[in-house]
Amino acid sequence: MKRFLLPLSIAALLASGGAWSNQASVGTPDLGPPQGPPINAVLTSPPNVPPPTNRHKPAKVIVRLEVIEKEMPIADGTTYTFWTFGGTVPGSFIRVRQGDTVEFHLENNPNNKMPHNIDLHGVTGPGGGAASSFTAPGHQSQFTFKALNQGIYVYHCATAPVGMHIGNGMYGLMLVEPPEGLKKVDHEYYVMQGDFYTVGKYREKGHQQFDMQKAIDEKPTYVVFNGSDGALTGDHALTAKTQQTVRLFVGNGGPNLVSSFHVIGEIFDTVRQEGGTVEQHNVQTTLIPSGGAAMVEFHTQVPGSYVLVDHSIFRAFNKGALAILKVDGPEDKSIYSGKEVDSSYLGDNAVSMQPVADAAKAAAAGTLTVPDQVAAGKTLFNGTCSACHQGNGEGLEGVFPPLAKSDFLAKLSADDLIAIPLNGHSGKLTVNGKDYDSVMPPMSQMTDDEIANILTFVLNSWGNPAGRITKEQVAKVRASTPRPAGAAH
Ligand SMILES: [Cu+2]
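Anyway, here's the lowdown on the structure attached to this text.

What counts and how
Residues numbered from 1 in each chain as written. Predicted model: local features only at pLDDT ≥ 70, side-chain atom pairs only at ≥ 80, totals over all residues. Heavy atoms only, no water. Helix = DSSP H or I, 4+ residues; strand = E, 2+ residues; numbered from the N terminus. Buried < 20%, exposed > 50% of the residue type's maximum accessible area, 1.4 Å probe, protein only. Contact = heavy atoms within 4.5 Å. Lys, Arg positive; Asp, Glu negative; His and termini not counted. Charge placed at Lys NZ, Arg CZ, Asp CG, Glu CD. Pairing = 2+ DSSP bridges. Axes fitted to C-alpha atoms, helices over the stretch in contact; angles between N-to-C directions. Donors = N, O, S within 2.8 Å, 3.2 Å for Na, K, Ca; no water. Tetrahedral: all angles 85-135°; square planar, octahedral: opposite > 155°, others 65-115°. Salt bridge = Lys/Arg side-chain N within 4 Å of Asp/Glu carboxyl O.

Observations concerning the overall build of the chain
Scanning the chain from N- to C-terminus turns up twelve helices and 23 strands. Dimensions of the chain, computed from C-alpha atoms along their principal axes, come out at roughly 85 × 55 × 35 Å. Counting only residues that meet the buried cut, the chain has 51% of its 489 residues in that class. Taking all contacts inside the chain whose residues are at least 6 apart in sequence as the whole, residues at least 24 apart take part in 69%. Across the chain, 37 positive and 45 negative side-chain charges occur, with their mean positions spaced 3 Å apart.

Listed below in structure tokens is the structure:
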């Protein structure tokens, strides 16, 4: 009964002239019955996007999405048990055309522990499908919906406790193409932000548990694109060439934060804010609500690394909300002179964190050596301390004291040395005959093993007296010395 009524009410909408008569929706959607044989939807893992449907008629499209609970890295050397749609965070990208009839199958892997369901924001009906898709482990559910509205839509799990299911990575995007399709571009990418809540600190090694209190307090440990710290940096960076067009489908799964999505060094030519049909032009930063998405388009002109961030910027540099689009091609000096400052801007995100992961593995196995710590510490030093003390440890005369062959450092006890990065330092000191009277801020946001590795690297570099600092020593100093007000714990 309802099936027949639906097209009628849409026809009434059309007659009233409102809903479809906007700039981005050129064609009139055919919301009639599906034509031709059923089509199995192509689903892709992030950052890939399925190809355009290239269809001109509504079809019946079959989507099979499997929920898989699995342990994956959330940072180098740090694992987390994610709950996923299709084995990835965000979940598989679904692409259909306005007017399609979608036969949706939700499968809950038999090895899973939890029941799950799915709420697709692109669905018109109770719970966006949630009411029809509650599925126990080892079972599957099926429901059918018509994609009435074009746009880019979030889907997510809505099983209680909902925040926990979303907070464990249960979200993704579904694109409902307009009848005429989207304008052709050179690259389409799938990027989705999410906030994560772990018991341990940001980048604390080992397996991390979900922290419900942090989630309730909206104090995430991680804010990342595509499910992990570094998911889209280094070898995993997005790529393009100069003089190309790029379309990003940018979602935000939340569960809590709103994203101020920005690409450092680019201006968005076109944004479909909130995934709606109105096009906005010449945008610097676009707001992406939790449970919302946007389509962002720009064209590349100057080669280099463009940094995708949540411009709530502590999230980018201290919680992981940072990705890279690497653009290759000839320089255009008339647009940009060409001096690149990637490494200092990006800190340790620009370099491989492999030595840090190796050291964490060795520490877990009880085989951590001084060379392991030195290698990890070097990477971390370059991301944190080198901004002031310089990569070669020489500092800047009169401003930042040298760590290389520092006679001040050489005289410190292990505890006093540990206290400097942990609690900062201010006031007069003399290093190698030169006076300094400045302030070093506390770096207590780093974990015990990060500080241990950095100091072991410093002690074994540049003619310093060698030695070793362990994470147990750092933990002891952390517990027994006061941090200045406002320092991280
Ligand atoms: Cu779930």
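Re the sheet that holds strand 16 (residues 268-272)
Pairing within the open sheet is mixed, and its six strands lie in the order 12-10-14-19-16-17. Of all strands in the sheet, those with a lone pairing partner are strand 12 (222-225) and strand 17 (280-283), marking the two edges. For this sheet, the mean inter-axis angle between neighbouring strands, taken without regard to orientation, is 25 degrees. Of the pairings in the sheet, the one linking strand 10 (residues 187-196) to strand 14 (residues 245-254) comprises eight bridges and is parallel in character. From the neighbouring strand, methionine 192 faces strand 14, where its bridge partner is glycine 251.

Some points on the coordination of the copper ion
Protein coordination at the copper ion: the donors are His116 (ND1), Cys157 (SG), His165 (ND1) and Met170 (SD), at 2.0 to 2.5 Å from the metal. Geometry at the copper ion is irregular, judged from the four donor atoms that bind it and their angles of 88 to 137 degrees at the metal. In primary sequence terms, the donor set of the copper ion follows H-x40-C-x7-H-x4-M. With histidine 116 in the loop between strand 5 (101-108) and strand 6 (119-120) and cysteine 157 in the loop between strand 8 (151-156) and helix 2 (162-167), this pair connects stretches of sequence that are 41 residues apart. Considered together, histidine 116 and cysteine 157 belong to a single accessibility category, that of buried residues.

Brief notes about the pattern of salt bridges
The full count for this structure, using the stated rule, is 15 salt bridges. Among the salt bridges present, the one from arginine 64 reaches glutamate 107, with a minimum N-O distance of 3.8 Å. One end of the pair, arginine 64, is in strand 2 (residues 60-75); the other, glutamate 107, is in strand 5, and 43 residues separate them in sequence. With a shortest N-O distance of 2.7 Å, aspartate 310 and arginine 315 are connected by a salt bridge. Overall, the relative accessible area of 0% leaves aspartate 310 in the buried class. In this structure arginine 315 comes out as buried when scored by relative accessible area, which is 17%. Several salt bridges converge on common partners, so that one network encompasses Arg95, Glu177, Lys183, Glu188, Arg247 and Glu297.

Here we look at the sheet that holds strand 13 (residues 238-241)
Within the open sheet, the five strands sit side by side as 13-21-20-15-18. Their pairing is mixed. In the strand order of this sheet, the two ends are held by strand 13 and strand 18 (285-288), each with one partner. When the angles between neighbouring strand axes are averaged without regard to direction, this sheet yields 20 degrees.

Quick notes on the side chain of serine 259
Tracing the sequence through the fold places serine 259 in strand 15 (residues 259-264). Under the relative-accessibility criterion, serine 259 is labelled buried at 2%. Each residue touching serine 259, except ones within four places of it in the same chain, is listed here: Gln193, Asn252, Thr286, Leu287, Ile288 and Asp310.

Looking at helix 10 (residues 414-423)
Owing to its 3.6 residues per turn, the α-helix aligns residues three or four sequence positions apart on the same side. Among the ten residues of helix 10, seven are classified as buried, and the element is accordingly described as predominantly covered. Residues of helix 10 that are buried: Leu417, Ile418, Ala419, Ile420, Pro421, Leu422 and Asn423. Looking at the buried side of helix 10, the elements it contacts are helix 9 (407-411), strand 22 (425-431), strand 23 (434-440), helix 11 (448-459) and helix 12 (471-480). Remark: glycine 424 follows helix 10 within two positions and exhibits a positive phi of approximately 80 degrees.

Quick notes on unusual backbone geometry
Omega for the peptide link from proline 46 to proline 47 comes to 5 degrees, which places this bond in the cis form. Tracing the sequence through the fold places proline 47 in the loop between strand 1 (39-40) and strand 2. Cis geometry is found at the peptide bond from valine 89 to proline 90, where omega equals -5 degrees. Structurally, proline 90 can be placed in the loop between strand 3 (78-85) and strand 4 (94-97). Although it is not a glycine, glutamine 390 adopts a positive phi angle of roughly 70 degrees. As for its placement among the helices and strands, glutamine 390 is situated in the loop between helix 8 (386-389) and helix 9.

Interpretation note: all reported values are geometric properties and have no functional meaning in isolation.
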